[in-house]
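The primary structure of each chain is shown beneath.
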Amino acid sequence: MSSSIITVENLSKRYVIGHQRSKGDGLRHAIEDAVRNPLQWLRSCLPSSISHLPSTREEFWALNDVSFEVKPGEVLGIIGRNGAGKSTLLKILSRITEPTSGRITIDGRVASLLEVGTGFHPELTGRENIFLNGAILGMSRVEIKRKFDEIVAFSEVEKFLDTPVKRYSSGMYVRLAFAVAAHLEPEILIVDEVLAVGDAQFQKKCMGKMDEVAKKQGRTVLFVSHNMGAVANICTSGLLMEQGKKAFHGPISQTVDAYLTSSAGVTGERVWPDNSYAASKRIRLRSVRVVQSGEMKSTVSLDRPVSLEVTFDTLVPDLEISVHFHLIHPSAGVILSTANFPSATLGRDVWAGRLWHQGTFVSRCTLPANFLNEGTYFINVAIMLSARETEVFVGEALQFSTQDTGGMRREYTGHWIGVVRPKFDWETEKIASY
Amino acid sequence: MPQLIIEAGRTERQYWRDLWRYRELFYFLAWRDLLVRYKQTVVGVAWSLIRPLLTMLVLTIVFGKLGKMPSVGVPYPLLVFCGMLPWQFFANALSECGNSLVTNSNLISKVYFPRLVVPASSVITSFVDFIISAAFMIILMIWFQFVPPVNLVFLPLFVLLAFATSFGVGLWIAALMVEYRDFRFIVPFVVQFGLYLSPVGFVSDVVPERYRLLYSLNPIVGVIDGFRWCLLGGQNTLYWPGQIISAIAVIVLVFSGIWYFRRTERTFADVI
């Protein structure tokens, strides 16, 4: 379609890992190959040799036949787990590396921000780095001069403008770097995970700037992040990547949902079949479950207690075991951690503080009703020995979502902000009359 | 609105236009390297004089006084320093170019710009040192009360030749260094041996006539001879067959350098 600003057609990128003898293996092999078989070496120097390399190499498709379009003014969030191909996609879009096959058509100037402070030199002063970084990002000297004051004001480092940036705090450094980048004026802005740095207040400012670039100036933005909250707020549409392939492309809320449901088991249970958990010789994990009202659930109701269960075998006697859960909110991070230490529990876990027999155990932690908010949560599971040694750790072992089934929907029906929404005691007193 | 098409193996057309668009980056990178080079040093810029000066003293003593090499009617220190002008430029450019891509690897893996800018701007950085040394050459000539011949007007031509030589060899080394870090060890060797293999401490007339043509294959020979002919004149004559061979070698180096650099450039970000 002609109305697209970016058209990506059948884009693929292959990396060769391991033993491709004729390349990347140091000078010795290159010379050796050239001497042993000059003809083949010469042929391998020709660009067409990509298609018939020796079969000893291992291939890895970082991107595999990806096609999508972006409309002008669209803010596209690109999400996916680590290694899904997001960064490779951005690198190809910003022309840092070439695709193996496929085609991208872009109408307009692209500026990409794959890292804040690219090209900053620690020995140079803030002022000097603004110019250097600006030039590297593709601004002309005149353009930088024109925006200089604006950049400085945004970065809040006026006082240290003539100090070498190696003496900056990391917060100042990031602020200055983002400020330069934020004042680029391309038609298309590509941003990768820059908001993961800086303090909360500055992050807010960055998000505001991104929002302004997208909504007020009507620019097209491609934004890669693991922060679902940020993605959902800024982006209008989303692209979900899974193992180098496009898994979903559509409105942002649906994309985030698709990501959340795809990124962990959805059955409310994760099982390690017989002997398949091999990370520990002393403890064998069997399963992790979310249970409500005696049933395994992937979506739980907010107004009833929820139990997190882990089942495991102890393979040796006399271990001093403690069981830990972390509760994670996709955009807020870890919201709590809990363990069955006697001093950290309400009642007392009968096995806490004892030497555990050999056998199969199930440890259960019950979260009270009306504690979590509506949304999706992940659980990390850990088992420690003698409260010091982490014997078992499974990050994001299980995902579950929560739903308000009406308990807190009588007066206010909108969304409660926050990662938890417990019920508290409230009282109002009349302390004077008029 | 400019339309950009990204496809495997199709960057050529855009490339030269981008090189023009990023022309200010040449200046900024060179400026950065210059600013940074002498930070936290005590004598600062003086280093770019002390090094050639000490080398000149050593070479004058070894070749002039101990070796009793012919001085073709010119004060020996002048002869040596005149040879060192292009040699130092070449040697510096070679070392800086070679490392330029690797030291800027953070840029290369994170931002797009024509990569040719990086080695080119390190040649520019070395050229600034060359200018400083050239200024000292003038002082040295005043000291020895030496009047340069009319050949001086041809000097810019040989400066250009020196530039092209450095750029050509620099491109090869820079591109090779990305994939083969072996060159990190090769370059210092080349620079060290080159000082004695090239006619820096002596005039190339001492090379036996029958080896002269072969000797001229070293492109820096033509440049040094040219510098002596322009600045010192007198008995420094140009050996024309050698000059032509040097010039051809330089042209081949520059074009093959650009070709090889362009060919490997597209995978820099993956390999570096």
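Up top is the structure.
In what follows, the accompanying structure is described.

The rules behind the values
Position labels on residues start from 1 in each chain and follow its written sequence. For naming, the first written chain is A and the first written ligand is 1, with later ones following in the order written. The predicted nature of this model means local features are confined to residues of pLDDT at least 70 and side-chain atom pairs, given and counted, to a pLDDT of 80 or more, with totals for whole chains, interfaces and linings taken over all residues. As a convention, hydrogens and water are excluded, and side-chain values are obtained from all of the structure's heavy atoms. We count a stretch as a helix when DSSP gives it H or I for four or more residues in a row; a strand needs E for two or more, and each element gets its number in order from the N terminus. Multiply 1.5 Å by the residue count of a helix minus one, and that product is the helix's expected span. Residue exposure (1.4 Å probe, protein chains only): buried if accessible area is under 20% of the type maximum, exposed if over 50%, otherwise partly exposed. The patch calculation keeps residues exceeding 30% relative accessible area without a salt bridge and links them within 9 Å when they carry like charges or within 5 Å when they are nonpolar (Val, Leu, Ile, Met, Phe, Trp, Tyr). Values of accessible area rely on a 1.4 Å probe in the Shrake-Rupley scheme; residue burial ignores everything except the protein chains shown. The salt bridge definition used is simple: a Lys or Arg side-chain nitrogen within 4 Å of an Asp or Glu carboxyl oxygen. Contacts are assigned to residue pairs with any non-hydrogen atoms lying within 4.5 Å of each other. Using a 1.4 Å probe, buried area is obtained as the accessible area two parts lose upon being combined, added over both of them. In this scheme, strands are said to pair when DSSP sees at least two bridges between them.

### What to know about helix α2 (residues 23-37) of chain B
Logical step 1: Compared with the 21 Å implied by 1.5 Å per residue over 15 residues, the 22 Å span of α2 of chain B between its first and last C-alpha is a close match.
Logical step 2: Listed as buried for α2 of chain B are Leu-25, Phe-26, Phe-28, Leu-29, Ala-30, Arg-32 and Val-36 of chain B.

### Examining a nonpolar patch on the surface
Residues and elements named next belong to chain B.
Logical step 1: Together, Ile-186, Phe-189, Val-190, Phe-193 and Leu-197 make up an exposed nonpolar region whose accessible area comes to about 480 Å².
Logical step 2: Relative to the elements of secondary structure, Leu-197 occurs in helix α8 (residues 183-197).
Logical step 3: Note on Leu-197: relative accessible area 57%, which makes it exposed.

### Things to note about the pattern of salt bridges
Residue and element names in this part refer to chain B.
Logical step 1: Scanning the model with the defined rule gives 20 salt bridges over all chains in all.
Logical step 2: Asp-18 serves as the salt-bridge partner of Arg-21, at 3.9 Å between the closest nitrogen and oxygen. Taken together, the residues Arg-21 and Asp-18, both in helix α1 (residues 12-21) and three residues apart, mark about one turn of the helix.
Logical step 3: The class for Arg-21 is partly exposed, based on a relative accessible area of 39%.
Logical step 4: Its relative accessible area of 3% is what places Asp-18 among the buried residues.
Logical step 5: In this structure, Arg-212 and Asp-205 form a salt bridge, with 3.6 Å as the shortest nitrogen-oxygen distance.
Logical step 6: Arg-212 sits in the buried class, given a relative accessible area of 6%.
Logical step 7: Here Asp-205 falls in the partly exposed class, since its relative accessible area comes to 38%.

### Quick word on the interface of chain B and chain A
Logical step 1: Contacts between the two partners involve 43 residues from chain B, matched on the other side by 45 residues from chain A.
Logical step 2: Carbon and sulfur atoms supply 58% of the area buried between chain B and chain A, which totals about 4,100 Å² over both sides.
Logical step 3: At the boundary of chain B with chain A, the tally comes to two salt bridges.
Logical step 4: A salt bridge links Lys-13 of chain A to Asp-270 of chain B, with the nearest nitrogen and oxygen atoms 3.0 Å apart.
Logical step 5: Elements with a contribution of two residues or more to the side of chain B that touches chain A: β1 (3-7), α1, α2, α5 (105-108), α8 and α12 (268-271) of chain B.
Logical step 6: A per-element tally of the side of chain B that touches chain A places α2 of chain B first, with nine residues.
Logical step 7: Relative to β1 of chain B, strand β4 (residues 101-107) of chain A runs antiparallel, the two being bridged by five bridges. Of the residues in β1 of chain B, the one forming a bridge with Ile-104 of chain A is Ile-6 of chain B.

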